[in-house]
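Next come the chains, spelled out residue by residue.
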There are 2 protein chains.
Amino acid sequence: MRVLLPAGTTETALIDGISAAGAAPELMEHTPSADVEILAYGEPTASPVTPVSPNGCPTPAAVTRAVREVVGFDVAVIDAGLTQSTAAPTVDLGVRPGNDIRDPIAVPDADAAFDRAYDYGASLPDETLVIGETVPGGTTTALGVLTALGEPSGVSSSLPENPIERKRRVVDEALAASDLEAGDCAQSPLEAIEAVGDPVQPTVAGIAAGALEAGTDVTLGGGTQMVAVAAALRHAGVDGQLSIATTSFVADEQGDRLAEACDRFDCDLTVTDPGFDGRDHVAMARYCAGEAKEGVAMGGALSLVPDGWMGSVRDRLEEVCARLGIESDAADGPSAESDPGDAPEGGRGR
Amino acid sequence: MRVLLPAGTTETALIDGISAAGAAPELMEHTPSADVEILAYGEPTASPVTPVSPNGCPTPAAVTRAVREVVGFDVAVIDAGLTQSTAAPTVDLGVRPGNDIRDPIAVPDADAAFDRAYDYGASLPDETLVIGETVPGGTTTALGVLTALGEPSGVSSSLPENPIERKRRVVDEALAASDLEAGDCAQSPLEAIEAVGDPVQPTVAGIAAGALEAGTDVTLGGGTQMVAVAAALRHAGVDGQLSIATTSFVADEQGDRLAEACDRFDCDLTVTDPGFDGRDHVAMARYCAGEAKEGVAMGGALSLVPDGWMGSVRDRLEEVCARLGIESDAADGPSAESDPGDAPEGGRGR
């Protein structure tokens with residue numbers, strides 16, 4: 001069993017109003033680089049950013065890391081278009097950062113990224129893979145791909161109030177810039193990604209397709225972004241068994257739409273509730289309030305927690321948060337003593 | 001606790017007669033890339049080479065992987081000048097492959113590599129680091145650095161018959177090409193490495209120096225190559241507590257010289273005997289015959305095995321060997337049925 005984490009960036013994240021409020025755009029491109037350092041080392045090491053929202057909500061990388069410290073799974077991070085360097089070990093598949101989807105071409109190397117990711121996925125000896133993602137702006141690009149494929153297009157958000165109408169307008173503009181209408185890319189998912197997607201999507205889809213071909217069990221660890229990947233795989237004619245594992249926070253926001261989408265794309269769905277509502281800790285309170293919700297393979301990692309161990313994960317999350325400069329006594333909001341210089345807000349654009 | 005593995009190449013490995021006999025030079029540069037795939041995934045995945053000697057002796061990566069599968073330590077591979085791509089996750093410190101030490105400059109970016117490695121080592125939150133290496137030709141470059149520093153210069157070999165005189169002639173030629181004599185680089189170890197070393201040396205030394213400065217416990221996992229790194233650190237004025245952990249195979253070959261060198265450079269020495277002599281398996285028999293001996297953090301990994309667990313490591317090594325195409329029934333030599341096309345010999349140049 002191994003958790004794979006394709007990590008990348010798209011300039012789409014810089015569009016005003018779709019990414020996490022309060023985050024400085026120039027710091028956001030550091031978020032996935034910091035996320036993978038947290039996953040690898042337990043805290044950012046070289047990254048100048050600690051992705052914590054203004055309200056004290058840490059990146060889902062903190063949760064995934066807490067699970068890892070309890071459960072002990074192997075990780076491989078794949079560079080799926082990082083803009084900023086990271087001190088975490090990464091697999092280099094030659095994937096480039098993505099453009100703003102309102103440009104004519106969003107992912108110039110979508111085909112090549114898929115092919116190289118396919119070979120990588122097919123080469124791995126693991127019996128089971130959980131594939132996650134970290135890409136700020138990723139729910140907007142997911143909406144783009146679903147729309148281009150002509151699929152029902154609800155997507156989640158890292159914000160308690162989902163700016164879904166804003167995202168729809170961005171996607172409409174993006175399709176127009178690529179001379180496309182909704183549904184024009186049905187059965188041609190790589191064209192959809194090239195036009196209005198992000199570089200993490202062909203990387204996740206390629207690894208999944210290659211691994212399925214090799215007989216590996218594949219779980220997509222994520223929410224609506226993984227629904228978009230599943231849609232892309234089905235439109236590409238990949239018919240292997242797929243599972244999606246996400247968090248109760250995404251499921252609560254999406255309601256019946258999530259199960260319907262999984263049904264539509266023939267995916268098993270696992271939803272895990274980490275039980276954060278029982279703790280008086282700012283990080284867990286923010287998740288319960290609808291912030292962040294998912295990302296960095298959080299739902300996939302939570303699905304690996306054996307029965308009875310979730311309390312240990314919550315305990316460990318408090319330790320991880322302490323390393324990230326988030327203390328539980330800030331449960332009513334950001335601590336007055338906290339120094340933003342110690343933990344600049346990277347924000348998340350999910 | 002984390003095992004770090006700087007992996008790189010030097011054209012020095014291509015010099016006739018110093019590297020593992022029988023290995024095709026054009027395949028040798030794949031060896032470190034394959035080694036780190038074995039460490040990360042349990043077998044080569046993208047690499048076209050499985051480093052197994054003509055006699056059926058697997059790369060030490062197989063042993064380190066077996067220990068990892070039993071003990072479960074974290075790993076980070078550092079690209080310290082890989083020539084060939086690898087599917088293993090690697091930390092990119094911008095280190096370039098090394099030149100033949102008989103060129104005037106062997107490691108053009110030795111200073112920069114050391115500085116970046118220092119920052120990386122200082123940034124890691126681990127309390128304990130074990131730092132290994134994989135670089136074909138590395139014992140010759142170790143001899144080069146020790147000689148340039150004016151230090152007693154015995155080095156080990158991956159061959160049962162150590163071609164030490166051949167190495168000394170190469171080093172003499174290398175020093176002359178750099179307009180140096182033995183001892184000319186005393187107190188200037190980066191000059192020694194630049195002239196007659198390899199790119200893995202400043203990477204290991206830099207990480208160690210940075211980690212020591214940050215208060216981390218550092219063990220150099222290796223044999224005489226790590227003696228050269230320890231010498232470089234002491235000549236650089238680094239006076240922190242250093243340990244070397246190597247295998248009984250190196251210790252047996254080196255006799256008193258190893259302990260004397262560790263004493264000279266104020267290093268604790270741990271020697272671990274994996275008990276391979278009790279098994280009727282070709283891989284273990286070849287180690288007992290003096291092949292390979294050490295590398296890919298083998299001695300460091302073995303030092304992590306708790307009392308009473310070494311039998312499990314040997315059991316696991318048999319499984320790892322089976323994945324690499326080495327079966328125990330080949331104990332009298334390479335199996336007649338083995339297909340060299342399935343497992344091209346990468347060879348080792350230690």
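Everything quoted here is computed from the prediction, not taken from an experiment.

Student: What is the right way to look at the overall build of chain A in this model?
Tutor: Scanning chain A from terminus to terminus reveals 14 helices and 7 strands. Computed over its C-alpha atoms, the radius of gyration of chain A comes to 18 Å, within 12% of the 20 Å expected for a compact globule of 350 residues. Projected onto its principal axes, the C-alpha positions of chain A cover 50 × 40 × 40 Å. The 350 residues of chain A split such that 62% are buried. Taking contacts inside chain A between residues at least 6 apart in sequence as the whole, the part at least 24 apart equals 82%.

Student: Just to check I follow, could you spell out the packing of helix H5 (residues 138-149) of chain B against helix H9 (residues 224-235) of chain B for this structure?
Tutor: Helix packing for two helices is described by the angle between their axes and how far apart those axes are. Residue and element names in this part refer to chain B. It is at 8 Å that the axes of H5 and H9 come closest, and there the two elements cross at 30°. Taken together, the axes of H5 and H9 lie roughly parallel to each other. Pair H5 / H9 crosses with left-handed handedness. Contacts from Gly138, Thr139, Ala142, Val145, Leu146 and Leu149 in H5 reach Thr224, Gln225, Ala228, Ala231, Ala232 and His235 in H9. Taken together, the residues that form the contact of H5 with H9 break down as 7 nonpolar, 5 polar and no charged.

Student: So what exactly am I meant to see when it comes to helix H11 (residues 256-264) of chain B here?
Tutor: For an α-helix, 3.6 residues make a turn, and residues three or four places apart therefore share a direction. All names here are of chain B. Taken together, the buried positions of H11 are occupied by Leu258, Ala261 and Cys262. In a view along the axis of H11, the buried residues occupy a sector of 100°, so they form one face of it. Exposed positions of H11 whose direction lies more than 90 degrees from the buried face are Asp256 and Asp263. Those residues of H11 hidden inside the fold are in contact with H9, strand E6 (242-247), helix H10 (248-254) and strand E7 (267-272).

Student: Please explain the relation of the copies chain B and chain A as it appears in this structure.
Tutor: For these two chain copies, the linking operation is a rotation about an axis paired with a shift along it. It takes a turn of 180° to lay chain B on chain A, together with a shift of 0.0 Å along the axis; the resulting RMSD is 0.0 Å. Both chain copies can therefore be described as sitting about a two-fold axis. Both copies contact each other with a shared surface, as 100% of the interface residues of chain B are interface residues in chain A too.

Student: Just to check I follow, could you spell out the interface of chain B and chain A for this structure?
Tutor: Bring the parts together and some accessible area is lost; that lost area is often taken as the interface size. Listed by partner, the interface residues are 17 residues for chain B and 17 residues for chain A. Secondary structure elements with two or more residues in the side of chain B that touches chain A: helix H2 (31-41), strand E2 (74-79), strand E3 (90-92) and helix H4 (110-123) of chain B. Across the side of chain B that touches chain A, the residue classes tally to 11 nonpolar, 5 polar and 1 charged.

Student: Can you walk me through the pairing of strand E1 (residues 2-7) of chain A in this structure?
Tutor: Where a strand is regular, its side chains alternate between the two sheet faces. Residue and element names in this part refer to chain A. The element E1 is largely enclosed, with a buried count of 5 among its 6 residues. Pairing of E1 with strand E4 (residues 128-131) involves 3 bridges; the strand directions are parallel. Across the sheet, the residue bridging to Val3 is Val130, located in E4. Bridging between E1 and strand E2 (residues 74-79) involves 6 bridges; their strand directions are parallel. Considered in E2, the bridge of Leu4 is made with Ala76.

Student: Looking at this model, I keep getting lost on the environment of A:Gly237. Mind explaining?
Tutor: Residues and elements named next belong to chain A. Summarising the element assignment, Gly237 is placed in the loop between helix H9 (224-235) and strand E6 (242-247). By the C-beta count within 10 Å, which is 9 here, Gly237 ends up exposed. Taking the C-alpha atoms as reference points, Gly237 and Glu181, separated by 56 residues in sequence, lie 22 Å from one another.

Student: What should I look at first to understand the confidence of the model for chain A in this one?
Tutor: Low-pLDDT stretches of the model should not have their predicted coordinates read in fine detail. Residue and element names in this part refer to chain A. Confidence in the prediction of chain A, expressed as mean pLDDT, is 92, and 92% of residues score 70 or more. Within the model, the stretch residues 330-350 combines pLDDT values under 50 with 73 contacts to residues more than four positions away or in other chains. Here the predicted complex carries an ipTM of 0.91, next to a pTM of 0.93.

Student: I tried to follow the environment of A:Gly72 on my own but got confused; where do I start?
Tutor: Residue and element names in this part refer to chain A. The topology assignment puts Gly72 in the loop between helix H3 (60-71) and E2. Taking the number of C-beta atoms within 10 Å as the measure of exposure, Gly72 has 10 and is therefore exposed. C-alpha separation for the pair Gly72 and Leu304, spaced 232 residues apart in sequence, amounts to 10.0 Å.

Student: Got a minute to help me understand unusual backbone geometry in this structure?
Tutor: Most peptide bonds take the trans form, and the phi angle of most residues other than glycine is negative. Unlike most non-glycine residues, A:Ala297 shows phi in positive territory, near 65°. Of note, B:Lys293 is a non-glycine position whose phi angle comes to about 75°, a positive value. With respect to the element layout, B:Lys293 can be found in the loop between helix H12 (282-288) and helix H13 (298-302). Take B:Lys293: there are 30 C-beta atoms within 10 Å of it, and that puts it in the buried class.

Student: Teacher, can you tell me more about the packing of helix H8 (residues 200-213) of chain B against H9(B) here?
Tutor: Residue and element names in this part refer to chain B. Direction vectors running N to C along H8 and H9 enclose 55°, while the axes themselves pass 10 Å from each other. As far as their axial angle goes, H9 and H8 are oblique. Note on packing geometry: the crossing formed by H8 with H9 is right-handed. Residue-level contacts link Gln201, Val204, Ala205, Ala208 and Ala209 of H8 to Ala228, Val229, Ala232 and Leu233 of H9. By residue class, the composition of the contact of H8 with H9 is 8 nonpolar, 1 polar and no charged.

Thresholds applied
- Residues numbered from 1 in each chain as written.
- Chains lettered and ligands numbered in written order.
- Predicted model: local features only at pLDDT ≥ 70, side-chain atom pairs only at ≥ 80, totals over all residues.
- Helix = DSSP H or I, 4+ residues; strand = E, 2+ residues; numbered from the N terminus.
- Rg over C-alpha atoms; globule rule 2.2 N^0.38 Å.
- Buried ≥ 20, exposed ≤ 12 C-beta atoms within 10 Å, placed from the backbone.
- Contact = placed C-beta atoms within 7 Å.
- Axes fitted to C-alpha atoms, helices over the stretch in contact; angles between N-to-C directions.
- Parallel < 35°, antiparallel > 145°, perpendicular 65-115°, else oblique.
- Left-handed = near helix turned anticlockwise from the far one by under 90°.
- Nonpolar A, V, L, I, M, F, W, Y, C, P; charged D, E, K, R; others polar.
- Arc of directions from axis to C-beta.
- Least-squares fit on C-alpha atoms with pLDDT ≥ 70 in both.
- Pairing = 2+ DSSP bridges.
- pLDDT = per-residue confidence, 0-100.

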